[in-house]
Amino acid sequence: MTRAERAVALIDVDRIVADTCELITGRGENPGGTEGETVRRLRAACERIGATVELHEWAPDRPNLHASIGPETGPAILFLGHSDVVPAGEGWTTDPFQPTLVDGEIYGRGATDMKGGLAAVIAAMAAVAEVAPELRLELLCTVDEEDRSQGVRAWLADHAPREYLACIVAEPTDLEVVVGCRGATNLNLEVIGASAHAGRPEDGASSIYAASRIVETVRALHESALAGERDPLLGTPTWNIGTIAGGSGTSMVPRVTHLTVDRRTMPGEDPEQILHELLAVARHDIAHSGIANADGIEVRGSVDMVMPGFRAEPHAAVVRIAAAALTELAGTARITGWTAACEGGFIASHHGAPTIILGPGDITTQAHQPDERVSIAHLLIAARAYALIALRLADERNAA
């Protein structure tokens, strides 16, 4: 029996299910809670398999976790995940934080995004350490991924770049090998006009009227992007108005209105330049809109959050090896891009590591919605794939 076969045989699906359920009960809603309890449970699981665990607290009860197993020198592979989940919300048929097993699936908030992926990583790390103790495996689990990615930023600010054979992000991809994803940028816009009595609105300058022009500007930019040239892997950039709030009362011309904008970026795009161009177009449009006292309306903006995109080389070893492992384990492998965003871009840019996303569950049909669930069969395939990828990457490196 080869060591790859031994590693696959060592992976215990019951242990993966137990760890997934344990992590789900740790909650970690963001916003609305902290990740501390989830991380405490994750730490116990990592220490159970013999990993060395470090915690770095970004904010009270919000620690990043770094677990490593194997020698400090030599080839290393990094797994990336996050401990927070989106708020449970309404519409569940089960308790979102009391995991339920139904027809071969685990139900609970975070089951697929991404407590199941973390449990699969732990199982793979344990199996690989047993058959290849000379190989270093690391897990970085960050806080705040579901909001502003401040956990990964804090971690990278304190850690110098190092060489990794690859980074594998255990986000839910329906077991597809995702070799690139767009980035995400959040923009905050503030429109400042002038108040007046609603009986004489022409005496004021309505920030809401001006903001409505910005909404139309963003809609037009989005439609233009969709009609433009498509990247065969990542598609096109997209725009979305997420929130709008303004005014002080029905009988007043509104002085201030705030908008938030989501802009999905292509690798290499500059968020500050995107903001600069949006403000220029919006200001020009408002100035020529015919809104009363438009010349007195000011539009300000700032970049609130940036999550960089990335793209792995299509012939990178981790891509080829991951596709072969999934074909072996599941009978098929699809190499694709992702419409969502993740923190893999931070690792790819900071460490220069070839990066893929590969995980159990589906981001589109299962994550971020009531009755979130993950297939136990997916969890087992993911864990086995992680083990095979790690071992074969190391073998290829050693043979070079």
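Residues numbered from 1 in each chain as written. Predicted model: local features only at pLDDT ≥ 70, side-chain atom pairs only at ≥ 80, totals over all residues. Heavy atoms only, no water.

Compared with an ideal rise of 1.5 Å per residue, which puts 21 residues at 30 Å, helix α4 (residues 111-131) spans 29 Å between its outermost C-alpha atoms and is within 8% of the ideal. The buried count for α4 comes to 18 of 21 residues, which makes it a mostly enclosed element. (Helix = DSSP H or I, 4+ residues; strand = E, 2+ residues; numbered from the N terminus. Expected span 1.5 Å × (residues − 1). Buried < 20%, exposed > 50% of the residue type's maximum accessible area, 1.4 Å probe, protein only.)

As a further point, take the sheet that holds strand β12 (residues 298-307). Strand order across the open sheet formed by four strands is β10-β11-β9-β12, with antiparallel pairing between neighbours. Bordering the open sheet on either side are β10 (238-246) and β12, each of which pairs with just one other strand. Each adjacent strand pair in this sheet contributes to an overall mean axis angle of 20°, direction not counted. Where β10 meets strand β11 (residues 256-265), eight bridges bridge the pair, whose relative direction is antiparallel. (Pairing = 2+ DSSP bridges. Axes fitted to C-alpha atoms, helices over the stretch in contact; angles between N-to-C directions.)

Along an α-helix, a turn takes 3.6 residues, which lines up residues three or four apart on a common side. Taking 1.5 Å of rise per residue, 13 residues should cover 18 Å, and helix α3 (residues 36-48) covers 18 Å from first to last C-alpha, within 8% of that figure. By the burial criterion, the buried members of α3 are G36, T38, V39, L42, A45 and C46. Of the surrounding secondary structure, the elements contacted by the buried residues of α3 are α2 (13-24), β1 (52-59), β2 (62-69), α4 and β6 (136-142). Positive phi shows up at G50, right after α3, with a value of about 95°. (Contact = heavy atoms within 4.5 Å.)

By the definition in use, this model includes one aromatic pair. Taking 5.5 Å as the distance between ring centres and 65° as the angle between the ring planes, the aromatic pair formed by F79 and Y386 counts as edge-to-face. Taken together, the positions of F79 in strand β3 (residues 76-82) and Y386 in helix α10 (residues 376-399) put the pair 307 residues apart, joining distant regions of the chain. A relative accessible area of 1% means that F79 is categorised as buried. For Y386, a relative accessible area of 0% puts it in the buried group. (Phe/Tyr/Trp six-rings, centres within 6.5 Å; stacked < 30°, edge-to-face > 60°.)

As a volume, the largest pocket reaches approximately 350 Å³. Of all the secondary structure elements, the ones that give two or more residues to the lining of the largest pocket are β9 (183-192), β11 and β12. Residue composition of the lining of the largest pocket, by class: eight nonpolar, three polar and seven charged. Reported here for the second largest pocket is a volume of approximately 200 Å³. Lining the second largest pocket are 13 residues; nearest its centre among them are H66, E138, W155, H159 and Y164. Going through the elements one at a time, β1 and β6 are the ones with two or more residues in the lining of the second largest pocket. In terms of residues, the lining of the second largest pocket owes the most to one element, β6, which gives three residues. For the lining of the second largest pocket, the class distribution of residues is five nonpolar, four polar and four charged. (1 Å grid on protein atoms, 1.4 Å probe; cavity = no way out; pocket = protein on both sides within 12 Å on 5 of 7 lines; lining within 4 Å. Points joined across faces, edges and corners; volume = space filled by probe spheres on them. Nonpolar A, V, L, I, M, F, W, Y, C, P; charged D, E, K, R; others polar.)

In this structure, L139 and Y386 are the most contacted members of the largest nonpolar core, which totals 73 residues. In terms of residue count, α10 provides more of this core than any other element does, 15 residues in total. Residues within four places of Y386 in sequence aside, it is in contact with F79, G117, A120, V121, A124, I168, A170, L358, G359 and P360. Grouped together as the second largest cluster of nonpolar side chains are 26 residues, A184, M305, A340 and F346 included. (Core = buried A, V, L, I, M, F, W, Y, C linked by side-chain atoms within 4.5 Å.)

The strands that make up a sheet pair up through hydrogen bonds in the backbone, lying either parallel or antiparallel. As summarised here, the arrangement of the three strands in space is β4-β5-β16, forming an open sheet in which the pairing is antiparallel. Each of the sheet's edge strands pairs with one partner strand only, and the pair in question is β4 (100-102) and β16 (373-375). The mean angle between the axes of side-by-side strands here comes to 25°, regardless of whether they run parallel or antiparallel. Pairing of strand β5 (residues 105-107) with β16 involves three bridges; the strand directions are antiparallel. Bridge pairing links I106 to V374 in β16. Of the strands in this sheet, β4 and β5 are in contact with α2, which crosses β5 at around 10°.

Remember, this is a structural readout, not a statement about activity or role.
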